[in-house]
Amino acid sequence: MAGSRKNMWCNAVYDAMKEKAIPSHEIPFVLMNRYKNVPSSVQISAVLNRDERFRKVGLHHCVGISNRKSHQVILFGRKDTQYETDPPYNAIIRM
């Protein structure tokens, strides 16, 4: 699935995940400099769940102002890439 015209931002997210997996709440910040109308993290999660190029790597805890774990968000990555299990969730390069 190459992404519909409506969700062309998926290609930019796919390219950004070459280096590391990205939590769903950080993806709008990745897209902010490239697109005028950036989808919300909830919309992004819904689209990436349906797109076969992406997979859920795990869950990531958000940290609030008081440095306490607030809630969990989905950590997304590319289906063709392995990632580290701890932050910053860098891609594992095999030689």
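What counts and what doesn't
- Residues numbered from 1 in each chain as written.
- Predicted model: local features only at pLDDT ≥ 70, side-chain atom pairs only at ≥ 80, totals over all residues.
- Heavy atoms only, no water.
- Helix = DSSP H or I, 4+ residues; strand = E, 2+ residues; numbered from the N terminus.
- Buried < 20%, exposed > 50% of the residue type's maximum accessible area, 1.4 Å probe, protein only.
- Contact = heavy atoms within 4.5 Å.
- Areas by Shrake-Rupley, 256 points an atom, 1.4 Å probe, with all protein chains shown as cover.
- Lys, Arg positive; Asp, Glu negative; His and termini not counted.
- Charge placed at Lys NZ, Arg CZ, Asp CG, Glu CD.
- Phe/Tyr/Trp six-rings, centres within 6.5 Å; stacked < 30°, edge-to-face > 60°.
- Salt bridge = Lys/Arg side-chain N within 4 Å of Asp/Glu carboxyl O.

Draft legend 1. Expanded view of the overall build of the chain. Tallying secondary structure elements over the chain gives three helices and three strands in all. The order of helices and strands in the chain, counted from the N terminus, is α-β-α-α-β-β. With 95 residues in all, the chain has 36% of them scored as buried. If you take every contact in the chain between residues at least 6 apart in sequence, the share linking residues at least 24 apart comes to 52%. For the chain, the exposed surface amounts to about 6,600 Å²; the carbon and sulfur share of it is 52%. In the chain, which carries 15 positive and 8 negative side-chain charges, the distance between the mean positions of the two groups comes to 7 Å.

Draft legend 2. How the structure looks around the packing of aromatic side chains. For the coordinates displayed, the defined rule picks out one aromatic pair. With 5.8 Å between their ring centres and 85° between their planes, Tyr 14 and Phe 54 make a pair best called edge-to-face. Of this pair, Tyr 14 sits in helix 1 (residues 9-16) while Phe 54 is found in strand 2 (residues 54-63), placing the two residues 40 residues apart along the sequence. As far as burial versus exposure is concerned, Tyr 14 and Phe 54 are alike and both buried.

Draft legend 3. Summary view of the pattern of salt bridges. Counted according to the given criterion, the structure contains two salt bridges. Asp 51 serves as the salt-bridge partner of Arg 53, at 3.0 Å between the closest nitrogen and oxygen. The pair Arg 53 / Asp 51 is uniform in exposure class, with both members buried. The salt bridge partner of Asp 80 is Arg 78, with a shortest N-O separation of 3.2 Å.

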